[in-house]
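Architecture and fold: a report
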Amino acid sequence: MASKAYKEIMAGALDALAWVKGDKTKGREIRVRVSSVNVPALREKLGLSQHQFANAFGVSLGTVRNWEQGRTEPDGPARVLLNVIEKEPAAVLRAIQPGRKKAA
C-alpha cells in the first residue's frame, strides 16, 4: 500500500503533466518578477574587480564580463542571486563562504 506522501507526490506529478499538456484545470501557475541588476554598478559599489566579484560569488569571470558588456543578461537563478547580493552581500558571502567574517 502506498504511503500518503507518495500519493500526494504522485497526484502533484500527474497534475503537472496535465498542466503541461494543456489542462489548465490542474494546478496553477505563479510568476514572480525579479528585477534586473546593474552588475557593473553593483560590483563597483562592493569595491570589487570583475575577477574578485566572480570569485567571491561563484560566478565565472567570463559570465561577469558578458553581463557587463551586454552580450548576455542574467536570468533565472542568477538574477535572483544578484538581487540578494545587491541587498545583502554579507549574507550571501556568509552562506557560500562559511569561514568569511564580513562582506568585501
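Keep in mind that what you see is a predicted model, and the values were worked out from it rather than measured. (Residues numbered from 1 in each chain as written. Predicted model: local features only at pLDDT ≥ 70, side-chain atom pairs only at ≥ 80, totals over all residues. Heavy atoms only, no water.)

The next thing to look at is the overall build of the chain. Scanning the chain from terminus to terminus reveals 6 helices and 0 strands. From first element to last, N terminus to C terminus, the chain shows the α and β order α-α-α-α-α-α. Relative to the globule expectation of 13 Å for 104 residues, the C-alpha radius of gyration of the chain, 20 Å, shows a markedly less compact shape. Oriented by its inertia axes, the alpha-carbon framework of the chain measures out at about 55 × 35 × 20 Å. Buried positions account for 22% of the 104 residues belonging to the chain. Expressed as a percentage of contacts within the chain between residues at least 6 apart in sequence, the contacts between residues at least 24 apart total 46%. A total accessible area of about 7600 Å² is found for the chain, and carbon and sulfur atoms account for 56% of it. The averaged location of the 10 negative side-chain charges in the chain is 5 Å from the averaged location of its 18 positive side-chain charges. (Helix = DSSP H or I, 4+ residues; strand = E, 2+ residues; numbered from the N terminus. Rg over C-alpha atoms; globule rule 2.2 N^0.38 Å. Buried < 20%, exposed > 50% of the residue type's maximum accessible area, 1.4 Å probe, protein only. Contact = heavy atoms within 4.5 Å. Areas by Shrake-Rupley, 256 points an atom, 1.4 Å probe, with all protein chains shown as cover. Lys, Arg positive; Asp, Glu negative; His and termini not counted. Charge placed at Lys NZ, Arg CZ, Asp CG, Glu CD.)

So, on to the packing of aromatic side chains. Scanning all chains against the criterion turns up 1 aromatic pair. Plain terms: the ring middles of Phe 53 and Phe 57 are 5.0 Å apart, the flat faces sit at 55 degrees to each other, and that makes the pair tilted. With Phe 53 and Phe 57 both in helix H3 (residues 50–57) and 4 residues apart, the pair spans about one turn of that helix. The ring of Trp 19 has Lys 24 lying over it, and the distance from NZ or CZ to the ring centre is 4.3 Å. (Phe/Tyr/Trp six-rings, centres within 6.5 Å; stacked < 30°, edge-to-face > 60°. Lys NZ or Arg CZ within 6 Å of the ring centre and 35° of its normal.)

It is worth spelling out helix H6 (residues 89–96) at this point. For H6, every residue scored as buried is listed here: Pro 89, Val 92 and Leu 93. All buried residues of H6 fall inside an arc of 100 degrees around its axis, so they share one side. On its buried face, H6 is in contact with H3 and helix H5 (76–87). (Arc of directions from axis to C-beta.)

Further remarks concern the nonpolar core. Counting residues in each nonpolar core, the largest one holds 16 residues, and the members touching the most others are Leu 42, Leu 46, Phe 53, Phe 57, Leu 82 and Ile 85. Among the elements of the structure, helix H2 (39–45), H3, helix H4 (61–68), H5 and H6 are those that each provide at least two residues to this core. It is H3 that provides the largest number of residues to this core, a total of 4 residues. Other than its neighbours up to four places away in sequence, Phe 57 contacts Leu 46, Leu 48, Leu 81, Ile 85, Pro 89, Val 92, Leu 93 and Ile 96. (Core = buried A, V, L, I, M, F, W, Y, C linked by side-chain atoms within 4.5 Å.)

Nothing here speaks to function; it is all geometry.
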